[in-house]
Amino acid sequence: MTLFDGHRLGDLILPNRVVMAPMTRVRAAAGGLATPSMATYYAQRATAGLIVSEGVQPSPVGQSNPGTPGLHTDEQVASWRPVTAAVHANGGRIFAQLMHGGRVSHSDTTGLRPVGPSAVPADGEVFTPTGPQAAPVPRALETAEVPEHARSYADAARRAVDAGFDGVELHGANGYLISQFLSSNANLRTDHYGGPVANRIRFAVEAAAATVEAVGAARTGIRLSPGAAFWGVEESDVPELYARLLSELAGLGLAYVHLEATADEGILVGLRRAWPGTLIMNPSVPMGPKQVGRADADHWLGLGADLISFGRGFLANPDLVERLRTGLPIAPVDEATYYQGGDAGYLTYPAYRHTA
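Residues numbered from 1 in each chain as written. Predicted model: local features only at pLDDT ≥ 70, side-chain atom pairs only at ≥ 80, totals over all residues. Heavy atoms only, no water.

Q: I would appreciate a short explanation of the overall build of the protein in the present structure.
A: Regarding its fold elements, the protein presents 12 helices and 14 strands. Relative to its length of 356 residues, the protein is compact, with a C-alpha radius of gyration of 19 Å against a globular reference of 21 Å. For the C-alpha atoms alone, the extent of the protein along its principal axes is close to 65 × 45 × 35 Å. Taken across its 356 residues, the protein has 59% of its residues classed as buried. The contacts in the protein between residues at least 6 apart in sequence include a share of 71% that link residues at least 24 apart. As displayed, the protein has an accessible area near 13100 Å², and 53% of this comes from carbon and sulfur atoms. (Helix = DSSP H or I, 4+ residues; strand = E, 2+ residues; numbered from the N terminus. Rg over C-alpha atoms; globule rule 2.2 N^0.38 Å. Buried < 20%, exposed > 50% of the residue type's maximum accessible area, 1.4 Å probe, protein only. Contact = heavy atoms within 4.5 Å. Areas by Shrake-Rupley, 256 points an atom, 1.4 Å probe, with all protein chains shown as cover.)

Structure, rendered in C-alpha coordinates:
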(Lines give C-alpha, C1' and ligand atoms only; values in the text may rest on other atoms or scores of the structure.)
Protein backbone atom coordinates (compact mmCIF):
# COMPACT_ATOMS: atom_id res chain seq x y z
CA MET A 1 0.00 0.00 0.00
CA THR A 2 1.26 3.47 -0.90
CA LEU A 3 0.08 7.04 -0.38
CA PHE A 4 -1.26 7.00 -3.94
CA ASP A 5 -3.44 3.91 -3.77
CA GLY A 6 -7.20 4.35 -3.61
CA HIS A 7 -9.27 3.88 -0.47
CA ARG A 8 -12.99 3.43 0.21
CA LEU A 9 -14.30 5.90 2.78
CA GLY A 10 -17.94 5.32 3.53
CA ASP A 11 -19.67 5.64 0.18
CA LEU A 12 -16.75 7.47 -1.41
CA ILE A 13 -13.83 6.07 -3.39
CA LEU A 14 -10.78 8.21 -2.71
CA PRO A 15 -8.23 8.18 -5.55
CA ASN A 16 -5.33 8.57 -3.11
CA ARG A 17 -4.65 8.56 0.63
CA VAL A 18 -3.69 12.23 0.91
CA VAL A 19 -6.06 14.33 3.03
CA MET A 20 -6.06 18.12 3.21
CA ALA A 21 -6.29 18.84 6.93
CA PRO A 22 -8.67 21.47 8.30
CA MET A 23 -6.99 24.87 8.69
CA THR A 24 -8.46 28.14 9.91
CA ARG A 25 -8.04 30.90 7.31
CA VAL A 26 -10.57 33.54 8.59
CA ARG A 27 -11.61 34.63 5.11
CA ALA A 28 -15.40 34.36 5.49
CA ALA A 29 -17.65 37.32 4.73
CA ALA A 30 -19.87 39.07 7.26
CA GLY A 31 -22.54 36.78 8.64
CA GLY A 32 -20.24 33.76 8.44
CA LEU A 33 -20.75 33.40 4.68
CA ALA A 34 -18.45 31.45 2.38
CA THR A 35 -17.03 33.45 -0.53
CA PRO A 36 -16.05 32.98 -4.19
CA SER A 37 -12.39 33.07 -3.12
CA MET A 38 -13.03 30.15 -0.79
CA ALA A 39 -14.50 28.22 -3.72
CA THR A 40 -11.33 28.85 -5.73
CA TYR A 41 -9.07 27.97 -2.78
CA TYR A 42 -10.62 24.57 -2.17
CA ALA A 43 -11.07 23.77 -5.86
CA GLN A 44 -7.34 24.43 -6.43
CA ARG A 45 -6.63 21.60 -3.95
CA ALA A 46 -9.22 19.11 -5.18
CA THR A 47 -6.61 16.51 -6.20
CA ALA A 48 -6.45 15.55 -2.50
CA GLY A 49 -8.15 12.25 -1.81
CA LEU A 50 -10.28 14.17 0.69
CA ILE A 51 -10.48 17.81 1.74
CA VAL A 52 -11.57 18.67 5.27
CA SER A 53 -12.68 22.29 5.44
CA GLU A 54 -11.64 24.92 7.92
CA GLY A 55 -13.58 24.86 11.19
CA VAL A 56 -17.21 25.89 10.67
CA GLN A 57 -19.28 27.02 13.64
CA PRO A 58 -22.49 25.00 14.17
CA SER A 59 -24.20 27.76 16.15
CA PRO A 60 -23.72 31.48 16.93
CA VAL A 61 -22.29 30.81 20.40
CA GLY A 62 -20.00 28.17 18.89
CA GLN A 63 -17.99 30.73 16.89
CA SER A 64 -14.42 30.94 18.16
CA ASN A 65 -12.70 33.49 15.91
CA PRO A 66 -13.86 36.48 13.88
CA GLY A 67 -13.99 35.84 10.15
CA THR A 68 -14.88 32.16 10.36
CA PRO A 69 -17.75 30.61 8.39
CA GLY A 70 -20.90 29.04 9.77
CA LEU A 71 -23.49 26.40 8.97
CA HIS A 72 -26.45 27.50 11.06
CA THR A 73 -28.40 29.79 8.70
CA ASP A 74 -30.00 29.33 5.30
CA GLU A 75 -27.78 32.10 3.92
CA GLN A 76 -24.67 30.26 5.04
CA VAL A 77 -25.87 27.05 3.40
CA ALA A 78 -26.46 28.89 0.13
CA SER A 79 -23.01 30.49 0.29
CA TRP A 80 -21.32 27.09 0.64
CA ARG A 81 -23.00 25.54 -2.42
CA PRO A 82 -20.64 27.20 -4.95
CA VAL A 83 -17.68 26.00 -2.85
CA THR A 84 -18.70 22.36 -2.80
CA ALA A 85 -19.75 22.54 -6.45
CA ALA A 86 -16.32 23.88 -7.43
CA VAL A 87 -14.55 21.09 -5.56
CA HIS A 88 -16.77 18.46 -7.17
CA ALA A 89 -16.33 20.02 -10.62
CA ASN A 90 -12.58 19.57 -10.17
CA GLY A 91 -13.04 15.92 -9.21
CA GLY A 92 -12.67 16.33 -5.45
CA ARG A 93 -14.46 15.35 -2.25
CA ILE A 94 -14.97 17.63 0.76
CA PHE A 95 -16.12 17.23 4.36
CA ALA A 96 -17.04 20.21 6.55
CA GLN A 97 -15.29 20.37 9.89
CA LEU A 98 -17.84 21.35 12.56
CA MET A 99 -16.12 23.34 15.30
CA HIS A 100 -17.84 24.60 18.45
CA GLY A 101 -15.30 26.78 20.24
CA GLY A 102 -16.88 26.48 23.68
CA ARG A 103 -14.85 28.58 26.11
CA VAL A 104 -12.39 29.59 23.36
CA SER A 105 -14.45 32.56 22.24
CA HIS A 106 -15.37 36.09 23.29
CA SER A 107 -18.54 38.15 23.54
CA ASP A 108 -16.92 40.83 21.35
CA THR A 109 -16.87 38.23 18.55
CA THR A 110 -20.30 36.67 19.00
CA GLY A 111 -22.31 39.06 21.17
CA LEU A 112 -22.80 36.10 23.49
CA ARG A 113 -21.03 34.90 26.61
CA PRO A 114 -18.97 31.80 25.80
CA VAL A 115 -20.10 28.52 27.30
CA GLY A 116 -18.16 25.51 28.52
CA PRO A 117 -18.45 22.44 30.68
CA SER A 118 -17.31 24.49 33.70
CA ALA A 119 -16.60 28.13 34.60
CA VAL A 120 -12.88 27.73 33.90
CA PRO A 121 -11.26 30.06 31.35
CA ALA A 122 -8.89 28.91 28.65
CA ASP A 123 -5.22 29.78 28.94
CA GLY A 124 -3.98 32.67 26.86
CA GLU A 125 -5.63 35.25 24.65
CA VAL A 126 -8.43 34.74 22.13
CA PHE A 127 -8.89 36.62 18.88
CA THR A 128 -11.57 39.31 18.77
CA PRO A 129 -12.55 41.97 16.21
CA THR A 130 -10.38 44.49 18.09
CA GLY A 131 -7.39 42.23 18.62
CA PRO A 132 -6.30 39.60 21.14
CA GLN A 133 -7.97 39.67 24.56
CA ALA A 134 -7.69 37.48 27.64
CA ALA A 135 -9.88 34.39 27.40
CA PRO A 136 -13.04 35.09 29.40
CA VAL A 137 -14.58 32.92 32.08
CA PRO A 138 -17.26 30.88 30.27
CA ARG A 139 -20.72 30.19 31.59
CA ALA A 140 -20.95 26.61 32.80
CA LEU A 141 -23.67 24.78 30.90
CA GLU A 142 -26.58 23.49 32.96
CA THR A 143 -27.08 19.73 32.67
CA ALA A 144 -30.33 20.22 30.76
CA GLU A 145 -28.56 22.48 28.22
CA VAL A 146 -25.76 20.11 27.28
CA PRO A 147 -27.78 17.95 24.85
CA GLU A 148 -28.74 20.94 22.70
CA HIS A 149 -25.05 21.71 22.17
CA ALA A 150 -24.43 18.08 21.23
CA ARG A 151 -27.34 18.34 18.78
CA SER A 152 -25.90 21.53 17.27
CA TYR A 153 -23.33 19.38 15.45
CA ALA A 154 -26.14 17.26 14.00
CA ASP A 155 -28.13 20.31 12.92
CA ALA A 156 -25.07 21.76 11.20
CA ALA A 157 -24.35 18.38 9.59
CA ARG A 158 -27.81 18.39 7.97
CA ARG A 159 -27.10 21.85 6.63
CA ALA A 160 -23.67 20.74 5.41
CA VAL A 161 -25.16 17.92 3.36
CA ASP A 162 -27.78 20.35 2.04
CA ALA A 163 -24.90 22.64 1.05
CA GLY A 164 -23.28 19.84 -0.97
CA PHE A 165 -20.61 18.59 1.43
CA ASP A 166 -19.86 14.87 1.21
CA GLY A 167 -19.80 14.58 4.99
CA VAL A 168 -18.68 16.25 8.21
CA GLU A 169 -15.86 15.98 10.71
CA LEU A 170 -16.61 16.81 14.34
CA HIS A 171 -13.77 18.88 15.80
CA GLY A 172 -13.06 16.96 18.98
CA ALA A 173 -9.47 18.21 19.26
CA ASN A 174 -7.30 21.20 20.15
CA GLY A 175 -9.09 22.46 23.25
CA TYR A 176 -12.49 23.28 21.72
CA LEU A 177 -15.83 22.23 23.18
CA ILE A 178 -15.69 18.44 22.73
CA SER A 179 -12.08 18.50 23.91
CA GLN A 180 -13.11 20.60 26.92
CA PHE A 181 -15.58 17.92 27.99
CA LEU A 182 -12.87 15.24 27.61
CA SER A 183 -10.56 17.29 29.80
CA SER A 184 -9.86 16.74 33.48
CA ASN A 185 -9.18 20.42 34.23
CA ALA A 186 -11.59 22.29 31.93
CA ASN A 187 -14.39 19.89 32.93
CA LEU A 188 -14.96 19.99 36.71
CA ARG A 189 -18.57 18.85 36.50
CA THR A 190 -20.12 16.59 39.12
CA ASP A 191 -23.06 15.45 36.98
CA HIS A 192 -23.00 12.59 34.45
CA TYR A 193 -20.88 14.67 32.04
CA GLY A 194 -17.91 15.02 34.41
CA GLY A 195 -15.55 13.11 36.66
CA PRO A 196 -14.63 9.58 35.58
CA VAL A 197 -13.66 8.69 32.03
CA ALA A 198 -17.06 7.17 31.25
CA ASN A 199 -18.67 10.53 31.98
CA ARG A 200 -16.11 12.77 30.30
CA ILE A 201 -16.54 10.96 26.97
CA ARG A 202 -20.34 11.24 27.10
CA PHE A 203 -20.63 14.60 25.32
CA ALA A 204 -18.38 13.48 22.44
CA VAL A 205 -20.38 10.28 22.01
CA GLU A 206 -23.72 12.11 22.15
CA ALA A 207 -22.56 14.64 19.56
CA ALA A 208 -21.34 11.85 17.26
CA ALA A 209 -24.49 9.76 17.76
CA ALA A 210 -26.75 12.72 16.97
CA THR A 211 -24.74 13.46 13.83
CA VAL A 212 -24.88 9.84 12.68
CA GLU A 213 -28.64 9.88 13.17
CA ALA A 214 -28.86 13.11 11.16
CA VAL A 215 -26.69 12.31 8.13
CA GLY A 216 -25.50 8.71 8.50
CA ALA A 217 -22.33 7.10 9.80
CA ALA A 218 -20.72 7.04 6.37
CA ARG A 219 -20.78 10.86 6.37
CA THR A 220 -19.47 11.35 9.91
CA GLY A 221 -15.87 11.53 11.14
CA ILE A 222 -14.20 13.00 14.22
CA ARG A 223 -10.83 14.63 14.87
CA LEU A 224 -9.03 14.04 18.17
CA SER A 225 -5.77 15.23 19.78
CA PRO A 226 -4.94 12.73 22.55
CA GLY A 227 -3.03 14.24 25.44
CA ALA A 228 -2.69 17.66 23.82
CA ALA A 229 -2.57 20.82 25.94
CA PHE A 230 -4.10 23.38 23.59
CA TRP A 231 -5.67 26.37 25.36
CA GLY A 232 -4.63 24.91 28.70
CA VAL A 233 -6.63 21.71 28.40
CA GLU A 234 -5.25 18.77 30.35
CA GLU A 235 -6.38 15.14 30.16
CA SER A 236 -5.81 12.50 32.80
CA ASP A 237 -5.72 8.80 31.92
CA VAL A 238 -5.07 9.47 28.22
CA PRO A 239 -4.78 5.85 27.03
CA GLU A 240 -7.91 4.80 28.93
CA LEU A 241 -9.83 7.96 27.98
CA TYR A 242 -9.29 7.51 24.25
CA ALA A 243 -9.59 3.73 24.24
CA ARG A 244 -13.01 4.07 25.90
CA LEU A 245 -14.00 6.85 23.53
CA LEU A 246 -12.98 4.90 20.42
CA SER A 247 -14.81 1.83 21.71
CA GLU A 248 -18.03 3.84 22.02
CA LEU A 249 -17.53 5.52 18.65
CA ALA A 250 -16.84 2.16 16.98
CA GLY A 251 -20.36 1.12 17.87
CA LEU A 252 -21.63 4.06 15.81
CA GLY A 253 -19.68 2.98 12.70
CA LEU A 254 -18.14 6.38 11.96
CA ALA A 255 -16.50 6.89 8.59
CA TYR A 256 -13.18 7.70 10.24
CA VAL A 257 -11.20 8.89 13.22
CA HIS A 258 -8.63 11.62 12.52
CA LEU A 259 -5.77 11.63 15.05
CA GLU A 260 -3.16 14.32 15.61
CA ALA A 261 0.34 13.25 16.69
CA THR A 262 -0.08 14.82 20.13
CA ALA A 263 0.75 11.72 22.19
CA ASP A 264 3.63 9.27 22.27
CA GLU A 265 3.81 7.07 19.20
CA GLY A 266 3.14 3.98 21.31
CA ILE A 267 -0.16 5.43 22.55
CA LEU A 268 -1.20 6.36 19.02
CA VAL A 269 -0.34 2.90 17.67
CA GLY A 270 -2.43 1.44 20.49
CA LEU A 271 -5.36 3.61 19.43
CA ARG A 272 -4.88 2.41 15.84
CA ARG A 273 -5.33 -1.14 17.11
CA ALA A 274 -8.37 -0.10 19.13
CA TRP A 275 -10.12 1.55 16.19
CA PRO A 276 -11.62 -0.90 13.66
CA GLY A 277 -12.39 1.64 10.94
CA THR A 278 -10.53 4.08 8.73
CA LEU A 279 -7.83 6.04 10.56
CA ILE A 280 -6.53 9.36 9.28
CA MET A 281 -3.20 10.30 10.85
CA ASN A 282 -1.83 13.83 10.98
CA PRO A 283 1.89 13.50 11.79
CA SER A 284 2.32 17.21 12.62
CA VAL A 285 1.36 19.04 15.81
CA PRO A 286 -0.66 22.19 14.94
CA MET A 287 1.51 25.32 15.02
CA GLY A 288 4.59 23.16 15.63
CA PRO A 289 7.78 23.57 13.58
CA LYS A 290 7.55 20.36 11.59
CA GLN A 291 6.47 20.31 7.95
CA VAL A 292 5.12 16.87 7.10
CA GLY A 293 6.58 15.15 4.05
CA ARG A 294 6.50 11.86 2.20
CA ALA A 295 8.73 10.07 4.74
CA ASP A 296 6.33 10.94 7.59
CA ALA A 297 3.40 9.69 5.55
CA ASP A 298 5.11 6.41 4.69
CA HIS A 299 6.09 5.92 8.34
CA TRP A 300 2.49 6.18 9.53
CA LEU A 301 1.12 4.09 6.70
CA GLY A 302 3.58 1.44 7.86
CA LEU A 303 2.17 1.72 11.38
CA GLY A 304 -1.35 1.06 10.17
CA ALA A 305 -2.84 4.44 9.28
CA ASP A 306 -5.12 4.38 6.23
CA LEU A 307 -4.94 8.05 5.22
CA ILE A 308 -2.45 10.83 5.98
CA SER A 309 -3.46 14.45 6.42
CA PHE A 310 -1.28 17.39 5.48
CA GLY A 311 -1.89 20.92 6.71
CA ARG A 312 0.71 23.58 5.95
CA GLY A 313 1.96 21.64 2.94
CA PHE A 314 -1.37 22.31 1.21
CA LEU A 315 -1.32 26.04 1.90
CA ALA A 316 1.58 26.89 -0.41
CA ASN A 317 1.25 23.83 -2.65
CA PRO A 318 -2.18 23.45 -4.26
CA ASP A 319 -0.63 20.58 -6.25
CA LEU A 320 0.76 18.86 -3.15
CA VAL A 321 -0.37 15.41 -4.24
CA GLU A 322 1.66 15.62 -7.44
CA ARG A 323 4.68 17.02 -5.62
CA LEU A 324 4.57 14.13 -3.17
CA ARG A 325 4.10 11.63 -5.98
CA THR A 326 7.05 12.87 -8.06
CA GLY A 327 9.40 14.09 -5.32
CA LEU A 328 9.15 17.75 -6.32
CA PRO A 329 10.15 20.30 -3.66
CA ILE A 330 7.43 21.45 -1.27
CA ALA A 331 7.26 25.24 -1.24
CA PRO A 332 7.30 27.04 2.12
CA VAL A 333 4.27 28.98 3.29
CA ASP A 334 4.27 32.67 4.20
CA GLU A 335 3.01 32.54 7.78
CA ALA A 336 2.23 36.27 7.76
CA THR A 337 -0.67 35.55 5.37
CA TYR A 338 -2.31 32.82 7.47
CA TYR A 339 -5.02 35.06 8.89
CA GLN A 340 -4.56 38.43 7.20
CA GLY A 341 -7.57 38.14 4.87
CA GLY A 342 -7.61 38.80 1.14
CA ASP A 343 -6.37 36.58 -1.68
CA ALA A 344 -2.61 37.11 -1.19
CA GLY A 345 -1.16 34.00 0.40
CA TYR A 346 -4.47 32.29 -0.21
CA LEU A 347 -5.05 31.97 -3.95
CA THR A 348 -1.63 33.15 -5.11
CA TYR A 349 0.49 30.04 -4.60
CA PRO A 350 1.20 28.46 -8.00
CA ALA A 351 1.47 24.86 -9.05
CA TYR A 352 5.02 23.71 -9.67
CA ARG A 353 6.48 25.09 -12.89
CA HIS A 354 8.99 22.91 -14.69
CA THR A 355 11.81 24.88 -16.29
CA ALA A 356 13.75 23.78 -19.31
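Once the structure has been displayed, the description carries forward.
Q: Looking at this model, I keep getting lost on empty space enclosed by the protein. Mind explaining?
A: Over the atoms rolls a probe the size of a water molecule, and its path tells where empty space is left. Taken as a whole, this structure holds 1 cavity of 30 Å³ or more when the rule is applied. Each pocket or cavity is described by its volume, and for the largest cavity that value is around 50 Å³. If you trace the largest cavity, you find it lined by Thr24, Gly55, Gln57, Gly62, Gln63, Ser64, Asn65, Thr68 and Met99. In the lining of the largest cavity, the residues fall into 1 nonpolar, 8 polar and no charged. (1 Å grid on protein atoms, 1.4 Å probe; cavity = no way out; pocket = protein on both sides within 12 Å on 5 of 7 lines; lining within 4 Å. Points joined across faces, edges and corners; volume = space filled by probe spheres on them. Nonpolar A, V, L, I, M, F, W, Y, C, P; charged D, E, K, R; others polar.)

Q: Where do I start with the packing of helix H1 (residues 36–44) against helix H2 (residues 74–89) in this structure?
A: Describing two packed helices takes the angle between their axes plus the distance from one axis to the other. Where H1 contacts H2, the two axes come as close as 8 Å, and the packing angle between them is 25°. Taken as axis vectors, H1 and H2 run roughly parallel relative to one another. Of the two elements, H1 crosses H2, and the hand of that crossing is right-handed. Contact with H1, carried on its side by Met38, Ala39, Tyr42 and Ala43, involves Trp80, Pro82, Val83, Ala86 and Val87 of H2 and no other residues of that element. For the contact of H1 with H2, the class distribution of residues is 9 nonpolar, no polar and no charged. (Axes fitted to C-alpha atoms, helices over the stretch in contact; angles between N-to-C directions. Parallel < 35°, antiparallel > 145°, perpendicular 65-115°, else oblique. Left-handed = near helix turned anticlockwise from the far one by under 90°.)

Q: Please explain the nonpolar core as it appears in this structure.
A: As a rule of thumb, nonpolar side chains are buried together in soluble globular proteins. Counting 86 residues, the largest nonpolar core has Leu71 and Phe310 as the members making the most contacts within it. Per-element accounting of this core gives the leading share, 7 residues, to helix H7 (residues 202–215). Beyond its immediate sequence surroundings of up to four residues, phenylalanine 310 is in contact with Leu3, Val18, Val19, Met20, Ala21, Asn282, Val292, Gly293, Ala297, Leu320 and Leu324. Counting residues in hydrophobic clusters, the runner-up holds 11 residues, among them Leu9, Leu14, Val52 and Ala255. (Core = buried A, V, L, I, M, F, W, Y, C linked by side-chain atoms within 4.5 Å.)

Q: What is the right way to look at unusual backbone geometry in this model?
A: For residues that are not glycine, phi is negative in most cases, and the peptide bond is trans in most cases. Positive phi outside glycine occurs at asparagine 174, with the angle close to 60°. Along the chain, the position of asparagine 174 falls in the loop between strand E10 (167–171) and helix H5 (177–182). If you check the backbone angles, aspartate 237 has positive phi at about 55° while not being a glycine. Secondary-structure assignment places aspartate 237 in the loop between strand E11 (220–224) and helix H8 (238–250).

Q: Explain the sheet that holds E10 here, please?
A: Reading around the barrel, the 8 strands line up as E3-E4-E5-E10-E11-E12-E13-E14 and close back on themselves, with parallel pairing between neighbours. When strand polarity is set aside, the average angle formed by the axes of neighbouring strands in this sheet is 25°. In terms of strand pairing, strand E3 (residues 18–20) meets strand E14 (residues 307–310) through 3 bridges, oriented parallel. Residue pairing for E14: valine 19 is matched across the bridge by serine 309. Seen against the sheet, H1 touches E3, strand E4 (50–56) and strand E5 (94–98) and runs at an angle of roughly 145° to E4. (Pairing = 2+ DSSP bridges.)

Q: It is not clear to me how the pairing of strand E12 (residues 256–260) should be interpreted in this structure. Could you clarify?
A: Along any regular strand the residues' side chains alternate between the sheet's two faces. Of all 5 residues in E12, 5 are buried, a share of seventy percent or more. Residue alternation in E12 divides its side chains into two sets, Tyr256, His258 and Glu260 and Val257 and Leu259, and both sets are buried. In this sheet, E12 lies alongside E11 in parallel orientation, the contact comprising 4 bridges. When the sheet's bridge partners are listed, arginine 223 is paired in E12 with histidine 258.

Q: So what exactly am I meant to see when it comes to the packing of helix H4 (residues 146–162) against H7 here?
A: The N-to-C vectors of H4 and H7 enclose an angle of 35°; their axes lie 8 Å apart at closest approach. Relative to H7, the crossing made by H4 is right-handed. For the pair formed by H4 and H7, the contact residues are Val146, His149, Ala150, Arg151, Tyr153, Ala154, Ala157, Arg158 and Val161 on the first element and Phe203, Glu206, Ala207, Ala210, Thr211, Ala214 and Val215 on the second. Per-class residue counts for the contact of H4 with H7 are 11 nonpolar, 2 polar and 3 charged.

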